[in-house]
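Chain and residue survey
Here is what each chain is made of, one letter per residue.
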Amino acid sequence: MKSFKGTFLDPAEQDVFVGHLTVEDGKIVGLDLHPPAGAEVVELPGVVVPGLIDAHVHLTMSGGLDPVRDLDEMSDFIILARAAGYLRAYLRAGVTAVRDLGSRAGSAIGLAQAVERGFLPGPRVVAAGPVITPTGGHGWKFGLEADGPEGVRAAARQVFKLGAGAIKFMATGGVMTPGVKAGAEMFDEEEMRVGVREAEKRGAVSAAHAQGLAGIKNAVRAGVRTIEHGAFDSWDEEAFLLMERQGTVLVPTLSAPDGILQGAGRVPDFMVEKTRPIAERHRENALEAYRAGVAIAAGTDAGTPLNPHPNLARELELLAELGLELSDVLLAATTVAARALGQEDELGRIAVGYRADLVALDGDPLSDASAYGRPLRTVLNGEVLP
C-alpha cells in the first residue's frame, strides 16, 4: 500500500483536498488527512490532478511538415519504433491515456497491446486501427474502404477482429486528402449506424471525422459517441440539441489548423488552402457548441502538420483562449476525455475506485492554463515514473 501526500484537485468536484491519497493495486482506495498505518508515504509537489487524456492522436504520423509523405517513405518498422518514442514523451508530459483515431494498417492496435502487456512504457492507448471511409473518401490511403451498410458492417467487424478498442468513420471529407472536398458529406446515417452497432456489441467507443453540418448530424443521429473537428459550416440549433440529447462529445482539435496555418509556405499548399478559409469558423463552432451545453473533450489530432507528439498542453491553452472556463478546460482533459475513451468509470477523476493515474503540475490549472505545460511528476497505476 502506498500513500501520496499532496494537494489534490478532482475535476468533477472542483474541490482542493490537502492530505493523503492511498493506492492499492493501482487504484485509489482512500483520501484521508493521515496515511494508513504501515503505508509507504510519497510526497507529490505542486497541484495534483488526474492523469491527462488526449482523445485524438495519430501515433504513426510524425507531426512534421508532410506526415502523409513520411508514411509513404518509411517502413512499418521505423514508424513503430518512432511511435514508441512518442509514447514515452506522452508520459513525461503527464498524459496517461490517449485515443488513437487512425494508423497505417491499424498498427496502433499493436502499440496499445504492447503497452497493456508491459512490453513498452507508455500511456493507456485506446486504438481505432484503420479508419473506415467510403471508396476514395478522406483517408482512403491508410483506411478500409467500405460502401453501403453491409460494406460498413463488414469493415467494422474487420477492425474489431484486429483488436481495436474504438472505431472511426469518415463522415465527411477532410483537409489532408488531395482531391477530396473538405466538409462534404460522405457516409450517411444508416451506414454509420450499423458500424456503431458493431462497436456497441463489443463495448467499444465510436468516433466520426465530421467537418460539415450534414455529416455531423448524420453521425450524431447514428449514435456516434464523439464528433471530431466540426470545423466547416455554421452549426444550427438542431445540431446542438441533437448532441446534447444524445450525450455526444465534441473534440474540436484546435491544434490541427493551428499547426497547418503556422506552417504556411512549408506544409503542402493544398492543406493550407483548405484550412485558411475555415479556421475562424472552426473556433466559432467550438465556442458556440460549448455555450450551448455540448460536452467538450480535449484532443489534439497530434501527428498532423506541425502538431507534434505530445501537444496537449497547447490544445488546452487554445481552449482557454477560445473562452472555456478553466474548470471546463480541466474537465475536457480528464473527465470528459475519459468518456470519449469509454473509460469514464476508471479514468479522469481523483476519487475512490478510480485508477491512480496522476500528474503533479507546477501551478494551479484553475487559475493558469499554462500549468499543463509544466508537469513535475507523472504517476501511472500508482507508480511514480522516472
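Moving on: the sheet that holds strand 15 (residues 358-361). Spatial ordering of the open sheet is given by 3-2-1-4-15-16-17, a layout of 7 strands whose pairing is mixed. Looking at which strands have only one partner, the edges of the open sheet turn out to be strand 3 (27-32) and strand 17 (383-384). When strand 16 (residues 375-380) meets strand 17, the two strands line up antiparallel, connected through 2 bridges. Residue pairing across strands places Leu380 opposite Glu383, the latter belonging to strand 17.

So, on to the packing of aromatic side chains. Per the counting criterion, the structure on display carries 1 aromatic pair. Ring plane angle 35° and centroid distance 5.6 Å describe the contact between Trp235 and Phe240, whose orientation is recorded as tilted. The pair Trp235 / Phe240 is uniform in exposure class, with both members buried.

Another aspect to go through is the sheet that holds strand 5 (residues 52-57). Here 3 strands make up an open sheet; going across it, the order is 5-6-7 and the pairing parallel. Edge strands, defined here as strands with exactly one partner in the open sheet, are strand 5 and strand 7 (124-127). The sheet shows a mean angle of 15° between the axes of neighbouring strands, taken without regard to direction. Direction of pairing for strand 5 relative to strand 6 (residues 95-100): parallel, over a ladder of 4 bridges. Counted as the bridge partner of Val57 is Asp100 from strand 6.

Mapped onto the elements of the fold, Tyr90 is located in helix 2 (residues 76-92). Exposure remark for Tyr90: the relative accessible area of 0% places this residue in the buried category. A sequence separation of 37 residues divides Tyr90 from Ile53, and the C-alpha atoms of the two residues are 9.7 Å apart. Residues within four places of Tyr90 in sequence aside, it is in contact with Asp54, Val57, Leu59, Val95, Val98, Pro123, Ala302, His309 and Pro310. Within the local environment of Tyr90, its side chain forms a polar contact with the side chain of His309, the two groups lying 2.7 Å apart.

Taking every second residue as pointing to the same face, both faces of strand 15 are buried, with Leu358 and Ala360 on one and Val359 and Leu361 on the other. As paired strands, strand 4 (residues 40-50) and strand 15 are joined by 4 bridges and run antiparallel to one another. What sits directly across from Pro50, in strand 15, is Leu358. Bridge count for strand 15 against strand 16 is 4 bridges, and the pairing is antiparallel.

The next subject is the pattern of salt bridges. Counting across every chain of the model gives 25 salt bridges. Here Asp10 and Arg349 are joined by a salt bridge, their closest N and O atoms 2.7 Å apart. In this pair, Asp10 is assigned in strand 1 (residues 2-10) and Arg349 in the loop between helix 13 (335-341) and strand 15, connecting sequence segments 339 residues apart. Arg281 is the partner of Glu288 in a salt bridge, and the nearest nitrogen-oxygen pair spans 3.2 Å. Taken together, the shared-partner salt bridges in this structure form one network comprising Glu150, Arg153, Arg157, Glu198, Lys201 and Arg202.

Assignment of secondary structure puts Arg82 in helix 2. We note that Arg82 is buried and unpaired, the nearest opposite charge coming from Asp70 at a distance of 4.5 Å.

Among all residues except glycine, the phi angle is most often negative; among peptide bonds, the trans geometry is most common. For the peptide bond that leads from His309 to Pro310, omega is -10°, which places it in the cis range. Note that Pro310 resides in the loop between strand 14 (295-296) and helix 11 (312-322). Although it is not a glycine, His229 sits at a positive phi angle of roughly 90°. Checked against the element boundaries, His229 lands in strand 12 (residues 226-229). The exposure class of His229 is buried, given its relative accessible area of 6%.

Criteria and thresholds
The numbers attached to residues start from 1 for each chain and follow its sequence in the written order. Restriction of local features to residues with pLDDT of at least 70 applies here, the model being predicted, together with a cutoff of 80 or more for giving and counting side-chain atom pairs; totals for whole chains, interfaces and linings are based on all residues. Computation of side-chain values: all heavy atoms of the structure, hydrogens and water removed. By this definition, two strands are paired if DSSP reports at least two bridges between them. Strands are runs of DSSP state E lasting at least 2 residues, helices are runs of H or I lasting at least 4, and numbering of each runs from the N terminus. A pair of aromatic rings is counted whenever rings of Phe, Tyr or Trp (Trp by its six-membered ring) have centres within 6.5 Å, and the orientation is called stacked for planes under 30 degrees apart, edge-to-face for over 60 and tilted otherwise. Only protein chains enter the accessibility calculation, which uses a 1.4 Å probe. A residue is then buried if its area is under 20% of the maximum for its type, exposed if over 50%, and partly exposed in between. Here an angle of 0 to 180 degrees is reported between the N-to-C directions of two axes, which are lines fitted to C-alpha atoms, with helices fitted over the stretch in contact. Contacts were defined at the residue level, with two residues in contact if any of their heavy atoms lie within 4.5 Å. Throughout this description, a polar contact denotes any pair of N or O atoms lying within 3.5 Å of each other; where both atoms belong to protein, one of them has to be capable of donating a hydrogen while the other can accept it, and for residues adjacent in sequence the pair is counted only when both atoms sit in side chains. Whenever a carboxyl oxygen of Asp or Glu lies within 4 Å of a side-chain nitrogen of Lys or Arg, that contact is scored as a salt bridge. In this tally Asp and Glu are treated as negative and Lys and Arg as positive; neither His nor the chain ends contributes.

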